[in-house]
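Chains, contacts and geometry: an overview
Below are the chains, spelled out letter by letter.
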Amino acid sequence: MDKNVTDLEKVVNGGYCTGCGSCSFVTKAPMKINEYGEYQPDLGVINSLNNSIIEKAENVCPSLNFSFNEDVLAEKFLKKDCSEKSNYIGPYQSVYGGFVKEKSYRNNGTSGGFGTWIGAALFEKRLIDGVIHIKESKRINDSDPFFRYGISNNISEITKGSKTKYHVIEVSEVLSLIKDKPGKYLFIGLPCMVKTIRRIQLIDPIIKESIKYTVALVCGHLKSINWTLSLAWSKGIHPSEADNFLYRTKAKDISARAYVFTAYSKNKEVREDSGNVVGGKFNQGALMLPACNFCDDVVGETADLTIGDAWLPQFEIDSQGTNLLIVRNSEIHDLIKGAFNEGKIQIVGLTEKDVIDAQSGGFRQRREGLSHRLNKVDKKNIWRPTKRIEPNSFKISPLRKLIYNIRFEVTLNSREYFKEALLKDNYDLYKKRMFVQLKILRFLEILSSSPRIIRKKIAVIKLKMFS
C-alpha cells in the first residue's frame, strides 16, 4: 500500500482527524458523518487515487506534514505585519480586550460582538466581497449537521452569522463554491480550520487570492453533532425532533462565563445551563473529537486576527461579555483603531500574559496536558502526529495527570455510550454510564483548581466593590 495513503489512514483510523475537509477539497472524495457525529473523508475513494493527488491531500491535512506547522505558516503569512512573537499566541502586533458599541452586535453575539462586527466592517469598507462563516443548516435526518459553512454577501446575511457554534464543520463544500466564484473573502474558523486554509493557499492560487483575511476563534475543542443532540435530548427533545440550537444564550441574569443553551424543535423550546447536564460541562471533554486531544494551537496562531473571550477579572463584572483580540494584520489593525476613534468600539490594551491568563485552562490542556498524553502514547509505541510540544516536557503533579487521564477516557467512553443510546433509542443509557465518571472528574478538577478559583473570585469581588 502506498505510504501516503497509509499516513492518511493512520490519521483517520487513529482518531487524529479533525474532519476539516481539506483532503476532500483536494481529492474530491466525499466527506461523511460517522456514527459518532463526526466528519471524516471517504478513505475508499482516496485510496483509489494516484500518488500525486494523495500527496497533495497529505500536505493540506493539519495532522500531517510537520514541516508546515503553525510556526512555519505564521512566519510565511504574518511575518511582515508582526513585530512581537510568543510561544503561546504566535506572532502578533497588538492585543486588546473590548466590545462593539455600535448597533446590536454585542447583544446579538456570544461575547463582545467582534466575531460578527469584523466581517461587517470589512464589507462596508469594500475590503471584501463576503464572509465565509458558519450558517444554520436544515436537518432532515437524525445525523444531519445543525450548521455548515456558507458565504454571506450582504450585511443582513453577515449579521445572521453571530453566536459561537460548538459543532463540527468542514470546508470542502464552501471552498468549491469559491473556486467557481472567486472574489475577496474573510474566512472565520477555528485554529485547525485556519491552519488548513493556509496550507491550501500554498498550493491553490485561486484560494490564496480569494481568501484575503482569516479570523480564528479561540478554541477549547470541537464537539460532535452528538454533543448537541445529547444536550437537547437531556431536556426532552428527541434527536429526530431537534431543529436548531443556540449554545450560549445571553441575558442580564446570565454570567458571561455561563454556557446556557437553548434547544428548539417544531413544538418546543428549552433552556438549560449545560453544566447541569451529564456531559454538558464543556472542558470535561464528553463527545469531543479525539483529535483535539492532540492539538497545541489554542488561539489560531496562523490567523490575521484571533477573537475569543476575555475571561479576566476586570471584565467578568460585565455580563454582556468582552472579547479578546489578537491582531496580526496591519489593515485589520487600522480598521480596529479607526473604529475606536469613531466611538464604534471600546478597546483597552492587553499583554501576552493577559491572554494566557484569560485562556489559562485551554493552555494547560493543550500544552501541559498534551505533553502528558504524548508521553503515554509513545510509551505504547502508537503512531501519532508530530507536535511542537515535546512528550513529558512539563512537570505535572500526580493529581493533574489523573485529571488528564480521566478526561481522555471521558472522550472515548462518551462517544461509544452515546452511539449505543442512539441505537437503542434510550438517553438514560448514556446518562447513567457517564454520570459517575464525570462526577469523579469534577471533584478532582475542583480539588486542583480551587486555589485559582478563590483568587479569581476575590479579584472580581474587589473590582465590584470599587467600580
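Residues numbered from 1 in each chain as written. Predicted model: local features only at pLDDT ≥ 70, side-chain atom pairs only at ≥ 80, totals over all residues. Heavy atoms only, no water.

With that out of the way, let us pick up the overall build of the protein chain. Scanning the protein chain from N- to C-terminus turns up 18 helices and 15 strands. Its C-alpha atoms give the protein chain a radius of gyration of 21 Å, within 12% of the compact-globule value 23 Å for 467 residues. Here the C-alpha coordinates of the protein chain stretch approximately 60 × 50 × 50 Å along the principal axes. In the protein chain, which comprises 467 residues, the share counted as buried stands at 57%. Partitioning the intrachain contacts of the protein chain with sequence separation of at least 6 by distance along the chain shows that 72% fall at a separation of at least 24. Only carbon and sulfur atoms are counted for the fraction: they give 51% of the accessible area of the protein chain, which is about 20200 Å². Averaging the coordinates of the 71 positive side-chain charges in the protein chain and doing the same for the 53 negative ones gives two points 4 Å apart. (Helix = DSSP H or I, 4+ residues; strand = E, 2+ residues; numbered from the N terminus. Rg over C-alpha atoms; globule rule 2.2 N^0.38 Å. Buried < 20%, exposed > 50% of the residue type's maximum accessible area, 1.4 Å probe, protein only. Contact = heavy atoms within 4.5 Å. Areas by Shrake-Rupley, 256 points an atom, 1.4 Å probe, with all protein chains shown as cover. Lys, Arg positive; Asp, Glu negative; His and termini not counted. Charge placed at Lys NZ, Arg CZ, Asp CG, Glu CD.)

Below, the discussion takes up the packing of aromatic side chains. Under the criterion given, the structure shown has 20 aromatic pairs. Their ring planes at 85 degrees and their centres at 5.5 Å tell us that Phe114 and Trp117 sit as a pair that is edge-to-face. Here Phe114 pairs with Trp117, and both are found in helix α7 (residues 114-124), just three residues apart, close to one helical turn. Comparing Phe114 with Trp117, the two get one shared label, buried. Where Tyr259 meets Phe282, the ring centres are 5.8 Å apart and the plane angle is 35 degrees; that geometry is what we call tilted. With Tyr259 in the loop between β10 (244-246) and β11 (260-264) and Phe282 in the loop between β12 (269-273) and β13 (305-309), the pair connects residues that are 23 residues apart, well separated along the chain. The burial state of Tyr259 is the same as that of Phe282; both residues are buried. Connected via pairs of aromatic rings, a cluster forms that spans Phe147, Tyr166, Trp227, Phe245, Tyr247, Tyr259, Phe261, Phe282 and Trp311. Here Arg106 stacks its cationic end above the ring of Phe99, 3.8 Å away from the centre of that ring. (Phe/Tyr/Trp six-rings, centres within 6.5 Å; stacked < 30°, edge-to-face > 60°. Lys NZ or Arg CZ within 6 Å of the ring centre and 35° of its normal.)

The strand order β7-β6-β8-β9-β13-β14-β5-β15 describes an open sheet built from eight strands, whose pairing is mixed. Each having just a single partner strand, β7 (147-152) and β15 (345-349) make up the two edges of the open sheet. The sheet shows a mean angle of 30 degrees between the axes of neighbouring strands, direction not considered. Sheet topology note: the strand β6 (residues 130-136)/β7 ladder contains six bridges and is antiparallel. Bridged to Ile134 within β7 is Tyr149. In this fold helix α10 (residues 191-203) packs onto β7, β8 (185-189) and β9 (211-217), with an angle of close to 155 degrees to the strand it touches most, β9. (Pairing = 2+ DSSP bridges. Axes fitted to C-alpha atoms, helices over the stretch in contact; angles between N-to-C directions.)

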